[in-house]
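Each chain, letter by letter, is given below.
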Amino acid sequence: MPSTTTASEVEAATLIASKREREERREREERMGVKVYGMPMSTNTVRVLAALNEKGVEFELVIVDLRTGAHKQPDFLARNPFGQIPVLEDGDVVLFESRGINRYIATKYAEAGPDLLLSGGTLAERAAVDLWLEVESQQFGPPIAALVYEALIKPMLGGATDAAVVEAQAAKLEKVLDVYEARLAQSKYLAGAEFTLADLNHIPYTNYLMKTPKASLVTSRPHLLAWWQDVSSRAAWKKTAAGIPF
Ligand code: GS8
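The name an unreviewed UniProt entry gives the protein is glutathione transferase, with Musa troglodytarum as the organism. UniProt, in its Catalytic activity (unreviewed entry) section for the protein, records the words "RX + glutathione = an S-substituted glutathione + a halide anion + H(+)". Of the comments in the UniProt record for the protein, the one headed Sequence similarities (unreviewed entry) reads "Belongs to the GST superfamily. Phi family."

Draft legend 1. View of the UniProt feature "domain: GST N-terminal" (unreviewed entry) in the protein. The sites that carry the UniProt feature "domain: GST N-terminal" (unreviewed entry) are, in the present numbering, residues 32-106. What you have in residues 32-106 is 35% helix and 24% strand, and the ends, taken at the C-alpha atoms, are 20 Å apart.

Draft legend 2. Just the sheet that holds strand β3 (residues 87-90), in detail. Strand order in this open sheet of 4 strands is β2-β1-β3-β4, and the pairing throughout is mixed. Unpaired on one side and paired on the other, β2 (59-63) and β4 (93-96) mark the two borders of the sheet. Averaged over neighbouring strand pairs, the angle between their axes works out to 20 degrees when direction is ignored. As paired strands, strand β1 (residues 34-38) and β2 are joined by 5 bridges and run parallel to one another. Residue pairing for β2: V34 is matched across the bridge by F59. Packing of helix α4 (residues 98-108) onto the sheet brings it into contact with β3 and β4, and relative to β3 it is tilted by some 30 degrees.

Draft legend 3. View of the pattern of salt bridges. Applying the stated criterion across every chain, the model contains 12 salt bridges. E89 serves as the salt-bridge partner of R79, at 2.5 Å between the closest nitrogen and oxygen. Here R79, found in the loop between α3 (74-77) and β3, pairs with E89, found in strand β3; they are 10 residues apart in sequence, far enough to count as distant. Looking at R79, the relative accessible area reads 24%, which means it is partly exposed. Classification of E89 by relative accessible area gives buried; the value is 11%. K188 is the salt-bridge partner of D230, the closest N and O atoms lying 3.7 Å from each other. With a gap of 42 residues between them, D230 in helix α10 (residues 222-231) and K188 in the loop between α6 (163-186) and α7 (197-200) connect regions that are remote in the sequence. When its relative accessible area of 54% is taken as the criterion, K188 is described as exposed. In this structure, a network of salt bridges that share partners links the residues R47, R99 and E136.

Draft legend 4. Structural view of the UniProt feature "domain: Glutathione S-transferase C-terminal" (unreviewed entry) in the protein. In the numbering adopted here, UniProt assigns the feature "domain: Glutathione S-transferase C-terminal" (unreviewed entry) to residues 151-234. Overall, residues 151-234 shows 65% helix and 0% strand. The separation of its end C-alpha atoms is 26 Å.

Thresholds applied
- Residues numbered from 1 in each chain as written.
- Predicted model: local features only at pLDDT ≥ 70, side-chain atom pairs only at ≥ 80, totals over all residues.
- Heavy atoms only, no water.
- UniProt positions renumbered as here; feature names shortened; annotations may be inferred.
- Helix = DSSP H or I, 4+ residues; strand = E, 2+ residues; numbered from the N terminus.
- Pairing = 2+ DSSP bridges.
- Axes fitted to C-alpha atoms, helices over the stretch in contact; angles between N-to-C directions.
- Contact = heavy atoms within 4.5 Å.
- Salt bridge = Lys/Arg side-chain N within 4 Å of Asp/Glu carboxyl O.
- Buried < 20%, exposed > 50% of the residue type's maximum accessible area, 1.4 Å probe, protein only.

Take a look at the structure:
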């Protein structure tokens with residue numbers, strides 16, 4: 001009798017094959033370990049390191065020195081065609097954009113450490129996380145990045161701070177931080193009662209802001225200051241901050 005293969009046998013074989021592929025990929029990822037390409041003084045790199053530390057994931061930081069143009073070399077451009085740090089490599093998975101990387105880390109390691117995306121929460125709770133993640137990147141990020149660059153990074157690179165730029169960005173940031181102060185008067189963390197990725201993603205730039213003469217933007221707002229003292233005293237952040245050279 002000729003042997004025939006039924007549709008359900010094909011389906012079962014496909015399932016087994018894809019399960020085996022997943023297992024092999026996981027084994028490969030574990031063997032290779034997590035690598036982050038970046039620099040310890042880069043805020044966007046530090047954002048990723050902070051998430052890995054919250055999840056207790058071991059990683060290797062592979063230095064890509066912006067000062068030597070290493071980020072524009074073909075080997076790095078193959079990992080991030082935009083030629084920017086950070087890049088995360090986890091086995092065959094290669095990702096750029098720190099905020100996207102952090103969603104991957106929070107999702108892959110959902111069970112370890114805090115539930116950074118409130119994956120077990122209601123739709124409304126998860127929406128609050130998404131909303132404050134967007135606020136960080138769209139409202140908070142641009143003025144604070146420009147301010148920190150002008151007041152802190154530029155002088156370190158040998159340039160002179162332009163006080164007018166600092167004032168203009170500080171004025172923009174003030175308006176944003178007024179919204180944060182009102183939010184944090186009602187809610188312990190940005191997305192609600194729990195520490196989430198929405199809080200974490202703010203930490204690297206706020207840390208640098210606190211080292212500028214504009215730290216008063218935070219210290220003059222009591223709820224924002226209490227939030228900052230809370231999030232910056234987390235063990236995972238302290239471990240991350242210890243690796244920042246200044
Ligand atoms: C920004 C990366 C970035 O600006 C992200 O990953 O979040 N939206 C991206 N990286 C800077 C270093 S500061 O951390 C960088 O690589 N600059 C060099 C360049 O743009 O040429």
